[in-house]
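Residue-level structural notes
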Amino acid sequence: MKRTALLGATLVLLTGSALAQKNVTIKINGPGGDVDPVIVNDLINRFVKPAVAKDGINVVYEPFQDYNPQLTIALSSGNAGDLFYLQGEQAQGFIATGRILPLNGLVDTKPFVDNLVRAFTVSGKVYGIAKDFNTLTLTYNKDIFDEAKVPYPTNNETWDSLADKLRRVKKALGDGYYGACLSADFARMGAIAYANGWKQFDANGKTNLLDPKFVSAFKWYTDLVREKVAVQPSDISAGWPGECFKNGKTAIALEGGWLNSYLKDQAPNLQYGTALLPKSKATGKRGNFLYTVAWAVNARTKNKDAALKVLKALTSPQAQQYVLESGLAIPSRKALTNNTYFKRNDQAARAAKVVFDGASNGTVNLYGFGKYGPDWAQPINAALSAVMSGQSSAEAALKKAQADLNALKR
Amino acid sequence: MRASPKRRSDLQQTATALMFLAPLLLSLGLFFVYAFLRALYYSFTDYDLFNTPQWVGLRSYLAILADDRFRIALTNTLLFSAVVTTAQTIGALLLAVVLNQKVRGLGFFRSAFYMPSITSSVVITLIFIWLFQRRGVVNYLATQIGAYGPVIAAFIALVVVFQAAQVLWERSRGRPARALDPALLWISVALGAVGVWLALAFGWIGIRSVEPVDISWFASRERLFGLIPIPLLFIMIQNTFTTIPTMMLFFLAGLQNVPSALYEAAELDGASKFQQLRYITVPMLRPVTFYVVTVSLIGTLQMFDQVRIIGSAAPLESIITLAYYVYNNVFPSGSLPRAGMASAAAVILALLTLVIVALQRRFLISDEAHS
């Protein structure tokens, strides 16, 4: 009898202490690759784990190599993490699955930049907290411009004057060097069309690629390649324009903050400067994309409270400051926009400032495709590729792209 | 009544057999039968991986048949399968016959020829992309051939002339000389080289300066004979290259079972090497050929990985195959998966494979193969 009582007491004590500890593990999914897992792991170890350890929360990061398909399967089979990356342009599709938790009333979205909150809002519900953002900048290789005796690009450049400088660089340096690597990608070329005042969707939700504002941007981009002033990355054995730039083969790159963290890692001695994207001669304005990624919570998580705590730690001011200084992206918190980091005088910090300024200068649109998803950009990318490789004229390619876009159903 | 001892031991044997078969049966049942039935069911629903599937009858099938992209994928798949299966079978047979000879270093050649099969197809695809990229080796070689065109043409012409002269001279002296007699050929090649060197030195021929060949093969929208998209042609070449060795192995194994007495008899009757191949090797290898063609058909009809790796480097409509069409429907970017459509496409692909294999069994390979 006495023994049973003792056993009972021990049991009560044990369960009691277990309850107090309530150890839970929160799993986070994000993309694999070279940069992200390293930075995210570091971020988790330095800022997130210490912040939530007192609540008995443990955090693990599980990267997916082929992110979006794998996340789809994980969500469908119920194996997705409690928290995961949600890319701005993919958001609509994932929100439609109903497996993402609306955060209204759970997370205060006021401290975050409004445009970024809007990117993850569908019918008044917020499905993700933007972790950071990026815009495009004009990054130039100082040595190449010096060698070619061409002045550096400035913030007052127009697309035409920039093209001119690139032609001069190409002429001076000749074989093996190029003005730029341009990929057949709306995600870059679209910024020029926005500068010209082109609208992605008109009032009826239709896209017009035959609009002269789009056509002239399209021609600026493809003509450089046809003149051989620019090349496609694959033509010089590079995977993306940043790699051409890293190898010192191209005078400029039109990329975002990710180029800074990449160069910091891969070409620490490369001397580069960063300017705002050029203006359109016709409108006198700039255009740009706003790229963003959010953290979203799995609607079926068994540990909602813990997941929300981790979400808060992931988007905390300290965590965002760290991402900023890694050079990868710009924080999504309004308060961090007056950061002392922007006043520092090294090339990565200066570049970060330009990425930040790019978001509020000229016509800036979220990188996304409305209700269509990335399928929308396929016809445009195909047209870019066809023209850049000399298979088709710009007129014919755009006509076909417009027909393909009209056939997109959703 | 008790079971007779014989019957009991029969039962026992069956049980033992089943036990040994169990792992395979289980995995077949789970990953094939069950998966196939599920896919069949989903193909009649509007399943999107997240909803409760609703029965929609044949709607997915009708939508697929009306889809332009499906028709392109079907054409590409059939072209791919026909070309690659043919090239693979003939190539593998010839390689096997060659490697069945008694030559020095046989082991080395056998391993070397087998290498492509055990190299990861991802790696091989990447190498092909590099070879055929705009500043790649293929364009470079094409440029060089253009530049050295006159030299190469002169060399070939000289070799032919010298060889013909030598062979005629030998024959006029009553000696049996074959047209491509190796000893004479060496002399012709040497004389040709000297001739070209002299022609270059005297400036009769020169190296032309030509525009570098600048074709981006993968972005090409051209079609070979107006039929085969150029990017698909690369996948064909590459797929043939990587699978020939495996097929060759089957043929090699088959060749070991062809009695050498047949060849000896044929040789005594004065049959040429080609006649031996045509009338002994090919018929004797029928059962193996049936197997090779079947495996090849199934593999090519369902080809996916090489298309996926080339991905956005080539225009989708030039490379999309049925298997890739299925994948594209499960993971359309930025919208809900169309698992219903994908399942229907997969069922169509399965039926297609079945029909084609049945047809080739019925018409291409005669009855003796089935014994």
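Here the structure is a predicted model, which is why all the values come from computation and not from measurement. (Residues numbered from 1 in each chain as written. Chains lettered and ligands numbered in written order. Predicted model: local features only at pLDDT ≥ 70, side-chain atom pairs only at ≥ 80, totals over all residues. Heavy atoms only, no water.)

1. Digging into the overall build of chain B
- When its secondary structure is counted, chain B shows 16 helices and two strands.
- Over its C-alpha trace chain B gives a radius of gyration of 28 Å, far above what one expects of a compact globule, namely 21 Å for 371 residues.
- The principal-axis extent of the C-alpha atoms belonging to chain B is close to 95 × 65 × 35 Å.
- Taking all 371 residues of chain B together, 37% fall into the buried category.
- One finds the centroid of the 27 positive side-chain charges in chain B at a distance of 6 Å from the centroid of its 17 negative side-chain charges. (Helix = DSSP H or I, 4+ residues; strand = E, 2+ residues; numbered from the N terminus. Rg over C-alpha atoms; globule rule 2.2 N^0.38 Å. Buried < 20%, exposed > 50% of the residue type's maximum accessible area, 1.4 Å probe, protein only. Lys, Arg positive; Asp, Glu negative; His and termini not counted. Charge placed at Lys NZ, Arg CZ, Asp CG, Glu CD.)

2. Points about the interface of chain B and chain A
- With 23 residues of chain B at the interface, the matching set in chain A holds 31 residues.
- Linking chain B with chain A are one salt bridge, by the criterion used here.
- Note that D66 of chain A and R308 of chain B form a salt bridge whose closest N and O atoms lie 2.5 Å from each other.
- Remark: the boundary between chain B and chain A carries two residue pairs in polar contact (both at pLDDT 80 or more).
- Taken together, the residues of the side of chain B that touches chain A sort by class into nine nonpolar, six polar and eight charged. (Contact = heavy atoms within 4.5 Å. Salt bridge = Lys/Arg side-chain N within 4 Å of Asp/Glu carboxyl O. Polar contact = N/O pair within 3.5 Å; in protein donor to acceptor, adjacent residues only side chain to side chain. Nonpolar A, V, L, I, M, F, W, Y, C, P; charged D, E, K, R; others polar.)

3. Focus: the pattern of salt bridges
All names here are of chain A.
- Per the counting criterion, the structure on display carries 14 salt bridges over all chains.
- Among the ionic pairs, R188 bridges to E255, the shortest N-O distance being 3.0 Å. Highlighted residues: R188 in helix α8 (residues 186–195) and E255 in strand β10 (residues 250–255), separated in sequence by 67 residues.
- When salt bridges that share partners are traced, they join D164, R167 and E227 into one network.

4. A word on a nonpolar patch on the surface
All names here are of chain B.
- Residues L18, L21, L24, L25, L28, F32, V33, F36 and L37 make up a contiguous nonpolar surface patch of about 830 Å² in total accessible area.
- Mapped onto the secondary structure, V33 falls in helix α1 (residues 5–42).
- Since its relative accessible area comes to 43%, V33 is described here as partly exposed. (Patch = residues over 30% accessible without salt bridge, like charges linked within 9 Å, V, L, I, M, F, W, Y side chains within 5 Å. Areas by Shrake-Rupley, 256 points an atom, 1.4 Å probe, with all protein chains shown as cover.)

5. With respect to the UniProt feature "transmembrane region" (unreviewed entry) in chain B
Residues and elements named next belong to chain B.
- Under the present numbering, the feature "transmembrane region" (unreviewed entry) in UniProt falls on residues 20–41, 78–99, 111–133, 145–162, 183–207, 227–253, 307–327 and 339–359.
- Summarising residues 111–133: 87% helix, 0% strand, and an end-to-end C-alpha distance of 29 Å.
- Spanning residues 227–253, this segment combines 89% helix with 7% strand, and its end C-alpha atoms are found 36 Å apart. (UniProt positions renumbered as here; feature names shortened; annotations may be inferred.)

6. Describing empty space enclosed by the protein
All names here are of chain A.
- For the structure shown, the criterion picks out three cavities of 30 Å³ or more.
- Of all the secondary structure elements, the ones that give two or more residues to the lining of the largest cavity are α2 (36–53), β6 (129–134) and α13 (317–326).
- Looking at the lining of the largest cavity residue by residue, the classes come out as nine nonpolar, one polar and two charged. (1 Å grid on protein atoms, 1.4 Å probe; cavity = no way out; pocket = protein on both sides within 12 Å on 5 of 7 lines; lining within 4 Å. Points joined across faces, edges and corners; volume = space filled by probe spheres on them.)

7. Topic: the state of the cysteines
Residue and element names in this part refer to chain A.
- Enumeration over the complete set of coordinates arrives at one disulfide over all chains.
- Paired through a disulfide, C181 and C244 show a sulfur-sulfur distance of 2.0 Å. With the S-S bond torsion at -85°, the cross-link from C181 to C244 turns out left-handed. Of this pair, C181 sits in strand β8 (residues 178–181) while C244 sits in helix α10 (residues 241–246), placing them 63 residues apart in sequence. Like C244, C181 is buried. (Disulfide = S-S within 2.5 Å.)

8. Looking at the layout of surface pockets
Residue and element names in this part refer to chain B.
- Considering only enclosed or pocket space, the second largest pocket measures out at about 790 Å³ in volume.
- Lining the second largest pocket are 25 residues, with F36, A39, A346, V347 and A350 positioned closest to its centre.
- Put simply, the parts of the chain that give the lining of the second largest pocket at least two residues each are α1, α15 (322–330) and α16 (339–363).
- With 11 residues, the top contributor of residues to the lining of the second largest pocket is α16.
- The class makeup of the residues in the lining of the second largest pocket is 21 nonpolar, three polar and one charged.

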